[in-house]
Amino acid sequence: MDKQKCAIRCSGITKTFGSVVANDGIELDVQYGEILALLGENGSGKTTLMNMISGIYHPDKGQIYVSGQPVSISSPIDAQNLGIGMIHQHFKLVEVFTAMENIVLGTPGKLPGKKALKQQVTQLCENYGLDIDPEKPVYEMSVSEKQTVEILKVLYRGAKILILDEPTAVLTPQETEKLFAILRQMKAKGCAIIIITHKLNEVLSISDRVTILRKGKSVGSVETAGVDAAKLTELMVGHAVSLSIERPEPKDVHTILKVVNLTVAKPDGSKGLDDVSFQIRSGEILGVAGIAGSGQKELCETIAGLLPAQEGAILYKKENILGKSPEQIIDLGISMSFVPEDRLGMGLVASMGMPDNMLLKSYRKGKGPFVDRAPAKELSKKLVEKLGIVTSSIEAPVRLMSGGNVQKVLLGREIESCPNLLITAYPVRGLDINSSYVIYDLLNQQKQKGVAVMFIGEDLDVLLELCDRILVLCHGKITGVVDAKTVTKEQIGLMMTGEMTEEEKKKEADEA
Amino acid sequence: MDLFIKFLVAAIGAGTPLLFGTVGEILNEKVGHLNLGVEGMMAIGACAGFMGGYLSDNFMVALLCAFLAGMLAALIYAVLTVTFMANQNVAGLTMTIFGVGISNFIGVYMIEKAESGTLKLPAQVTQQMRSIQIPGLSDLPVVGPLLFSYNPFVYLGILVAALTGFYLYRTKTGLNVQAIGENPGAADAASIPVTKWKYFNILLGGGICGIGGAYCGMIINGGVWISNSVNGLGWIAVALVIFAAWKPHMAILGSFVFGALRVLKYYKVGFMVGMPDAFFDMLPFLITALVLIVTSMRGNKGAHIPAFLGNNYFREER
């Protein structure tokens, strides 16, 4: 191997947290002018490994080589001096600072004047084809803009080795394309790039080589050109996995929930939902597609009784549930599992163990002032067994679990309450293939039991395969409710950006 | 008019210890540490300043003692909260109880040792900390008393506040320091030495609080040692940080307003005359409560509360 070209080589890297071995003798290398994808299931040790390269953690054993030289990276300062920059899964930005303040943060030397700094940032943007307003504060930025700032931060420090931890998890398909164009440009300029992602189609489209981790061990590297999605999954999971999602025929279909002319305001006064009408039927999965922030959150929260509506009605078995408290709505058998961008934000209490989180939903049913934890413990054990949740003990705080396991806990609890209507938003957000399929199976089981399922998702391929009907939202309006078996991805894409189906257009015209 | 100018002059004097306390606490909170030990650090500063001046006959030595003692007290807090990640509220409250206690304890010990039964600063020191008279300027009508009639603490306080503002808002270090209070994870990833700057700010803030304490110990009681000279000013300083929206120059205004409230009882006019002094003693604390209510209603957008305030940072935490 040419030493000049080798950007990073890891040899026998081992890291343990308490009794958990996160990384076990990992081998990895990446060249300058190459994009390496790092693939592995949740909890396989990808982020831990990258954190060691960027100086956040320190390896217990093993040696890291940068540009052929053995190095010890004991802090982010060391990493920066070696030309390594990391873009974390959770952005490391100061919300109240502007883009350029964030970019210049922590760099050595004197603070350049505002004008000079702006000039430098603009120049950097031009060089790499990026686009950002240097004086915009971060709290006003979209997710994609924040990511641009993160990339600029790394470039400003002159990094030649770039690590991206799940950069596309929160991006729309268009934003992802833009990001990839930037990465290709950086590669052309001789940067070495390591990218972590769960989306196999992205791995295939952006990377030159793939290194696969399984349970903390590296199972090998392959040239991207010579593999396909099925092969990658097999390497990652350890055995062949069918990549098609089942879609049992809906049976015993009748309307459970009818939403009529619903209009809901966002906290800032703008319309979150604008005159929305649709139905959810038992025994089917209704998918909801739309660019992030098109009203999905408002829809969930209004049905769950958390947000008041301005106009319209929500009829559950012919009874209007608007104005009822969340508690009453839960008692009616409507259950929601919402997985927000930060995964833990809604639904579970991060520092409590599984049984206590189970109790959150059931303590009211207990008799007397005391809490009986025994059934909650039973339920926790049952879920661990049934869903294959990996945790050191059921009493361990849920924040210590990996993302996939947290989501299984949340969804498992909701399903155990035997709902008639199950609303689930982004249940596979950030999950690896295997865990995602477990969740799809769970949803299908519910559907076959006659539960009406509303599935708010991001991945159009999944929506098309799993759902029976798909409702598309754009700026709080419904641009179409279509049959998932006949519609194409491109049609949904267009509807997401505001193009209406003929049917919807007619409806609009009728009303006007 | 004459009375009003006298009132303003008294207000600025009374606000000065608050100014030191507030600026010191701002430095703490900017790195994300809610230090409730201001009262204690000021008490320790009061004792160290007074005893320093008493034993050395030198005002500058007194100031230095107060500054160093404040820093030493802050060091205890910093070791507890930064290095050992102890709960900040508990550590701060402990610091207050400890500081007030040891200050009074040393005071009693020194009084017992003194032959006269009281402790009084030597004439040389009182001379040095008297109001500075600038020939010509101090004699001007209105402007003279209003601008050029104060003891050295007042000018030092304004200078410290201005320099702190410059440090936080005009230097790169200041930018880095603010990032620590907003998001230490981001600061760490941007290769800012988080622990180092936390110690720096907490210690510097403690030293400044100590000087504020020296004002209480040396000036308020006219150079005679009396226990509990800080008497709650440290708590008002903690609240003033919010009133000042974490900005040192706003702290100048805020502390003088509160200084005015504290001396109002000596300058009662009109309807106020019949009201009891106790009401005016209570007033600053009542206004503090009101300020806290108003600022919390105003929401987060305008006031720049450091987002990570009150939380300890541990890099490897998941």
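Residues numbered from 1 in each chain as written. Chains lettered and ligands numbered in written order. Predicted model: local features only at pLDDT ≥ 70, side-chain atom pairs only at ≥ 80, totals over all residues. Heavy atoms only, no water.

Peer 1: Describe the overall build of chain A, listing the residues and the values that go with them.
Peer 2: Counting its regular elements, chain A contains 17 helices and 20 strands. A globule of 512 residues ought to have a C-alpha radius of gyration of about 24 Å, and chain A, at 24 Å, matches this closely. Taking the principal axes of its C-alpha atoms as reference, chain A extends roughly 70 × 55 × 50 Å. Across the 512 residues that make up chain A, the buried fraction comes to 52%. Residue pairs at least 24 apart in sequence account for 66% of intrachain contacts in chain A once pairs closer than 6 positions are excluded. Put simply, chain A shows about 22300 Å² of open surface, and 51% of that area lies on carbon and sulfur atoms. If you average the places of the 59 positive and of the 64 negative side-chain charges in chain A, the two averages end up 4 Å apart. (Helix = DSSP H or I, 4+ residues; strand = E, 2+ residues; numbered from the N terminus. Rg over C-alpha atoms; globule rule 2.2 N^0.38 Å. Buried < 20%, exposed > 50% of the residue type's maximum accessible area, 1.4 Å probe, protein only. Contact = heavy atoms within 4.5 Å. Areas by Shrake-Rupley, 256 points an atom, 1.4 Å probe, with all protein chains shown as cover. Lys, Arg positive; Asp, Glu negative; His and termini not counted. Charge placed at Lys NZ, Arg CZ, Asp CG, Glu CD.)

Peer 1: Hey, could you go over the packing of aromatic side chains for me, with residue numbers and the actual values?
Peer 2: Evaluation of the coordinates by the stated rule reveals 13 aromatic pairs over all chains. Considering the side-chain rings of Phe153 of chain B and Tyr215 of chain B, the 5.3 Å spacing of their centres and the 80° angle between planes classify their relative orientation as edge-to-face. Of this pair, Phe153 of chain B sits in helix H7 (residues 152-170) while Tyr215 of chain B is found in helix H10 (residues 194-220), placing the two residues 62 residues apart along the sequence. No difference in accessibility class separates Phe153 of chain B from Tyr215 of chain B, as the two residues are buried. Seen in terms of ring centroids, Phe243 of chain B and Phe258 of chain B are 5.9 Å apart; in terms of plane orientation they differ by 75°. Their pairing is edge-to-face. In this pair, Phe243 of chain B is assigned in helix H11 (residues 233-243) and Phe258 of chain B in helix H12 (residues 248-263), connecting sequence segments 15 residues apart. The rings of Phe4, Phe7 and Tyr267 of chain B are connected pair by pair, giving a single aromatic cluster. Against the face of Tyr65 of chain A rests Arg9 of chain A, its NZ or CZ located 4.5 Å from the ring centre. Across from the ring centre of Tyr128 of chain A, 5.1 Å away, lies the NZ or CZ of Lys189 of chain A, which sits over that ring. (Phe/Tyr/Trp six-rings, centres within 6.5 Å; stacked < 30°, edge-to-face > 60°. Lys NZ or Arg CZ within 6 Å of the ring centre and 35° of its normal.)

Peer 1: Could you give an account of empty space enclosed by the protein, naming the residues involved and the relevant values?
Peer 2: Summed over all chains, the structure comprises two cavities of 30 Å³ or more. Computed from the structure, the largest cavity encloses a volume of approximately 220 Å³. Lining the largest cavity are 16 residues, and of these Ile84, Gly85, Met86 and Val154 of chain A together with Ala189 of chain B lie nearest its centre. For the lining of the largest cavity, the class distribution of residues is eight nonpolar, five polar and three charged. Looking at the second largest cavity, its volume works out to about 30 Å³. Around the second largest cavity sit Leu383, Lys386, Leu387, Gly412, Ile415, Glu416 and Leu442 of chain A, which together line it. (1 Å grid on protein atoms, 1.4 Å probe; cavity = no way out; pocket = protein on both sides within 12 Å on 5 of 7 lines; lining within 4 Å. Points joined across faces, edges and corners; volume = space filled by probe spheres on them. Nonpolar A, V, L, I, M, F, W, Y, C, P; charged D, E, K, R; others polar.)

Peer 1: Describe the domain arrangement of chain A, with residues and values.
Peer 2: All names here are of chain A. Each assigned domain of chain A is listed here: domain 1 (6-237) and domain 2 (254-349 + 419-511). Inter-centroid distance (C-alpha atoms) of domain 1 to domain 2 is 34 Å. Taken together, the contact between domain 1 and domain 2 spans 15 residues of the former and eleven residues of the latter. Where domain 1 abuts domain 2, roughly 1000 Å² becomes buried across the two surfaces, and 55% of that area is made up of carbon and sulfur atoms. The interface formed by domain 1 and domain 2 contains zero salt bridges. Our count for the contact surface shared by domain 1 and domain 2 stands at zero residue pairs in polar contact (both at pLDDT 80 or more). Within the residue set of the side of domain 1 that touches domain 2, elements represented by two or more residues are helix H7 (200-206) and helix H8 (229-237). (Domains from an automatic or database assignment. Buried area = accessible area lost by both parts, 1.4 Å probe. Salt bridge = Lys/Arg side-chain N within 4 Å of Asp/Glu carboxyl O. Polar contact = N/O pair within 3.5 Å; in protein donor to acceptor, adjacent residues only side chain to side chain.)

Peer 1: Could you give me a rundown of the confidence of the model for chain B, with the residues and numbers involved?
Peer 2: Summing up the model confidence of chain B, the mean pLDDT is 91 and the portion of residues at 70 or higher is 97%. Taken element by element, chain B is modelled with least confidence in helix H13 (residues 277-298) of chain B, mean pLDDT 82, and with most confidence in helix H3 (residues 59-83) of chain B, mean pLDDT 97. (pLDDT = per-residue confidence, 0-100.)

Peer 1: Give a detailed account of the state of the cysteines, specifying residues and quantitative values.
Peer 2: A complete count under the given rule lists zero disulfides over all chains for this structure. The thiol sulfur of Cys125 of chain A is not disulfide-bonded, and the nearest other cysteine sulfur, from Cys191 of chain A, lies at 15 Å. (Disulfide = S-S within 2.5 Å.)

Peer 1: Outline the pairing of strand E18 (residues 452-456) of chain A, supporting the account with residue identities and numerical values.
Peer 2: Residues and elements named next belong to chain A. Burial analysis of E18 places five of its five residues in the buried class, the great majority of the element. Residues Ala452, Met454 and Ile456 line one face of E18 and the alternating positions Val453 and Phe455 line the opposite face, and both faces are buried. Alignment of strand E13 (residues 285-289) against E18, held across four bridges, turns out to be parallel. Within the sheet, the bridge partner assigned to Val288 lies in E18 and is Ile456. For the handedness criterion, the β-α-β arrangement of strand E17 (residues 421-425), helix H14 (residues 433-448) and E18 is classed as right-handed. (Pairing = 2+ DSSP bridges. Right-handed = clockwise from strand over helix to strand, strands pointing away.)

Peer 1: Could you give an account of the environment of Val276 of chain A, naming the residues involved and the relevant values?
Peer 2: Residue and element names in this part refer to chain A. Mapped onto the fold, Val276 is located in strand E12 (residues 271-281). For Val276 and Asn261, which are 15 residues apart along the polypeptide, the C-alpha to C-alpha distance reads 4.9 Å. Apart from residues no more than four positions distant in its own chain, Val276 is found in contact with Val259, Val260, Asn261, Leu262, Gly476 and Ile478.

Peer 1: Can you lay out the nonpolar core for me, pointing to particular residues and giving the numbers?
Peer 2: Membership of the largest hydrophobic core comes to 187 residues, with the highest contact counts inside it found for Leu183, Met186 and Ile470 of chain A together with Met218 of chain B. Inspection of this core shows a minimum of three residues originating in each of domain 1 (6-237) and domain 2 (254-349 + 419-511) of chain A. Ignoring any residue separated from it by four or fewer positions in sequence, one finds Met218 of chain B in contact with Gly49, Phe50, Phe59, Ala62, Leu121, Val125, Met129, Phe153 and Gly223 of chain B. (Core = buried A, V, L, I, M, F, W, Y, C linked by side-chain atoms within 4.5 Å.)

Peer 1: Outline the sheet that holds strand E10 (residues 217-223) of chain A, listing residues and values.
Peer 2: All names here are of chain A. Pairing is mixed across the open sheet formed by six strands, whose spatial order is E6-E7-E8-E3-E9-E10. The open sheet has two edge strands, strand E6 (84-87) and E10, and neither has a second partner. Each strand axis lies, on average, 20° off the axis of its neighbour in the sheet, ignoring direction. Sheet topology note: the strand E7 (residues 161-165)/strand E8 (residues 192-196) ladder contains five bridges and is parallel. In the strand pairing of E8, Ile161 is matched with Ala192. Relative to E6, helix H5 (residues 143-156) is tilted by about 170°, and along the sheet it contacts E6 and E7. (Axes fitted to C-alpha atoms, helices over the stretch in contact; angles between N-to-C directions.)

Peer 1: Account for a nonpolar patch on the surface, with residues named and values stated.
Peer 2: Residues and elements named next belong to chain B. Taken together, the side chains of Met1, Leu137, Leu140, Val142, Val143 and Leu147 define a hydrophobic patch exposed on the protein surface, amounting to about 530 Å² of accessible area. Structurally, the position occupied by Leu137 is in the loop between helix H5 (123-128) and helix H6 (143-147). Relative accessible area serves as the criterion here: at 36%, Leu137 is assigned to the partly exposed category. (Patch = residues over 30% accessible without salt bridge, like charges linked within 9 Å, V, L, I, M, F, W, Y side chains within 5 Å.)

Peer 1: So what about the pattern of salt bridges? Which residues, and what values?
Peer 2: Residue and element names in this part refer to chain A. Within this structure, the stated rule accounts for 23 salt bridges over all chains. For Lys187, the salt bridge goes to Asp208, with nearest N and O atoms at 3.0 Å. Here Lys187, found in helix H6 (residues 173-188), pairs with Asp208, found in the loop between H7 and strand E9 (209-214); they are 21 residues apart in sequence, far enough to count as distant. The exposure class assigned to Asp208 is partly exposed, which follows from its relative accessible area of 24%. Between Lys382 and Glu416 there is a salt bridge, with its nearest N and O atoms 3.2 Å apart. One end of the pair, Lys382, is in helix H12 (residues 374-387); the other, Glu416, is in helix H13 (residues 403-416), and 34 residues separate them in sequence. One salt-bridge network, in which partners are shared between bridges, spans Asp29, Glu34 and Arg209.

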